[in-house]
Amino acid sequence: MATHEKPYRHRAIGSHRLKPETLMMGYGYDPRLSEGSVKCPIFQTSTFVFKTAEEGKSFFELAYGLREQKPQEEMGLIYSRINNPDLQILEERLMLWDNAEAGLVCTSGMAAIATTLLAHLRPGDVIVHSEPLYGGSEYLIETLLPQFGIQHEAFGALAGERTLEEAVAAARARGRVGLIFVETPANPTNALFDIAGCARVARAEGERAGGHRPIVVIDNTFLGPLWQHPLEHGADLVVYSLTKYVGGHSDLVAGACLGSEAHVAPVRVFRTILGTISDPHTGWLLMRSMETLKLRMTSSMKNARYVAEFLQDHPKVRKVHYLGFLQPDDPQHAVYRRQCRAPGSTFSFDIHGGEIEAFRVLNALELVRMAVSLGGTESLMQHPSTMTHSDVPADRLAQMGVTPAMLRLSVGIEHPEDLIADLRQALEKI
Ligand SMILES: Cc1ncc(COP(=O)(O)O)c(C=O)c1O
């Protein structure tokens, strides 16, 4: 332990390093500051009292970047649009999973993505992004950002398998390649993109004469923060919808952005001014959720394998897009082996038939809930082509492989035999 390390920030016992799941129970929280309360209370307050005027001045100097932070100096509490203990402690714990230097919690996954993109892009920039993307990210990039002079170029399935290199070349012809935004695995097809490959292309772009190195931002909602760690593979920033696995109980909406302090700092300024910071109660719920994050994600990941195997063998099912079924001759297999630690628990499957048959399955479900979202304790199923992806034109959906016969399933932590019993009876209705 370094001499300046606070006891509630111990990350090792002697030479033994503590694992993130252990640290979720207390890391970053000092009970002595809260009447000895074992759990961090909810600091339901909009503003904080300064001890002296000098202290208030000093806190603002740091918050507004008017001076450098001194060694071991901590950011003081000012106002809950800038910082709040529940959110600061939550951020410190969230950073442990991705081994990130800095992290920020926002009001939603979209708030985290929008705040990150606005902080790092400027008019005249071109954003290069993978396809398919979550609908909200796609709308932001294709419809909203162009209104601020920020254009886009896509690579991946939707863009007719255009490579990242080709998309970057096309972007360079239009302006500064500002940022590479990638969702991997992609929603709803589980298409994978090579994170280290994106970092290499970004470096090469930066090394061109007069080149700006685009930053690489990965949406890690589907496998993170347990089964994929984009920062380890060269990403600059990782963003999350915490609404999904991290929140994990389908009872809150939140998001996060993590990475090096240098890359997070501009996002923090935008978050303060746009007001996209989360709130103390949500922060407290997320801390509680993270105590069981590993248990939940491991349980649902194991369940998903049983369910995927059942579906794969079912005569009414044509194909299961489960990462655990990637074959060694599939180019995606090498990417999976390199950057994913497990196949996760959200995947799509195609049934024989079309919308009518898919709706019969959905309407017959007795245990699995028919709802969008994913990553909760309960299993959820939805129909991407008429629900989450209904705003994508039909020809582009077809290019992505999202057909009316596709259903997306987020597997929860119920007993897998109960889930299979429900799916069996629902598939019989086709
Ligand atoms: C991959 C992905 N990214 C981002 C989001 C947006 O998250 P939120 O709904 O928390 O704003 C979602 C939501 O479904 C998602 O699936």
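Now for a description of the structure that goes with this document. (Residues numbered from 1 in each chain as written. Predicted model: local features only at pLDDT ≥ 70, side-chain atom pairs only at ≥ 80, totals over all residues. Heavy atoms only, no water.)

Quick look at the site of the ligand now. Around the ligand, the structure places 13 residues, and the nearest of them are M110, D219, S241, T243 and K244. One of the backbone nitrogen or oxygen atoms of G109 is found 2.9 Å away from an oxygen atom of the ligand. The contact in question runs from an oxygen atom of the ligand to an N or O atom on the side chain of S241, over 2.8 Å. When the ligand is considered free in solution it has 400 Å² of accessible area, and contact with the protein chains removes 90% of it. (Near = heavy atom within 4 Å. Polar contact = N/O pair within 3.5 Å; in protein donor to acceptor, adjacent residues only side chain to side chain. Areas by Shrake-Rupley, 256 points an atom, 1.4 Å probe, with all protein chains shown as cover.)

As enumerated under the stated definition, the model contains 23 salt bridges in all. The salt bridge involving R172 is made with E205; its shortest N-O contact spans 2.8 Å. Of this pair, R172 sits in helix α6 (residues 164-174) while E205 is found in helix α7 (residues 195-207), placing the two residues 33 residues apart along the sequence. Assessed through its relative accessible area of 32%, R172 is described here as partly exposed. Measuring nitrogen to oxygen at the nearest pair gives 3.9 Å for the salt bridge that ties D194 to R200. The class of D194 is partly exposed, set by a relative accessible area of 22%. The class of R200 is partly exposed, set by a relative accessible area of 47%. When salt bridges with common partners are traced through the structure, they connect E131, E138, E142 and R396 into a single cluster. (Salt bridge = Lys/Arg side-chain N within 4 Å of Asp/Glu carboxyl O. Helix = DSSP H or I, 4+ residues; strand = E, 2+ residues; numbered from the N terminus. Buried < 20%, exposed > 50% of the residue type's maximum accessible area, 1.4 Å probe, protein only.)

Function-wise, these values are silent; they only describe arrangement.
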